[in-house]
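Per-entry structural report
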Amino acid sequence: MTATEEIVVASLREVFENKGLESPERSEQTPLDTILGLESLDCAELVVRLESATGLDPFATGAAPTIQTVADLAKVYDESTAV
């Protein structure tokens, strides 16, 4: 798992803990969809946590990349550092 994927997984854990739920096991291929039970507000919290942890906001440009897994989300943050 890459460093950015580890940040995403840790941030997901914090979102679940904030909801008072036990965090399910995750890997870089964990789907980020309703299977985890995340609602849109939870996803917004995740993005805020990631911005705080990385100092990056890859969504500021208005781009809406296809994000299906932890690895996809980490890639968005990794690519924003290359710009």
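Description of the structure in this document. (Residues numbered from 1 in each chain as written. Predicted model: local features only at pLDDT ≥ 70, side-chain atom pairs only at ≥ 80, totals over all residues. Heavy atoms only, no water.)

So, the pattern of salt bridges
The full count for this structure, using the stated rule, is four salt bridges. In this structure, Glu14 engages Arg49 in a salt bridge whose closest nitrogen and oxygen atoms are separated by 3.0 Å. Highlighted residues: Glu14 in helix α1 (residues 3-18) and Arg49 in helix α2 (residues 40-54), separated in sequence by 35 residues. Exposure remark for Glu14: the relative accessible area of 34% places this residue in the partly exposed category. Here Arg49 falls in the partly exposed class, since its relative accessible area comes to 26%. (Salt bridge = Lys/Arg side-chain N within 4 Å of Asp/Glu carboxyl O. Helix = DSSP H or I, 4+ residues; strand = E, 2+ residues; numbered from the N terminus. Buried < 20%, exposed > 50% of the residue type's maximum accessible area, 1.4 Å probe, protein only.)

Considerations on the packing of aromatic side chains
On inspection of all chains with the given rule, the structure shows one aromatic pair. Their ring planes at 80° and their centres at 6.2 Å tell us that Phe59 and Tyr77 sit as a pair that is edge-to-face. One end of the pair, Phe59, is in the loop between α2 and α3 (70-81); the other, Tyr77, is in helix α3, and 18 residues separate them in sequence. In this structure Phe59 comes out as partly exposed when scored by relative accessible area, which is 23%. (Phe/Tyr/Trp six-rings, centres within 6.5 Å; stacked < 30°, edge-to-face > 60°.)

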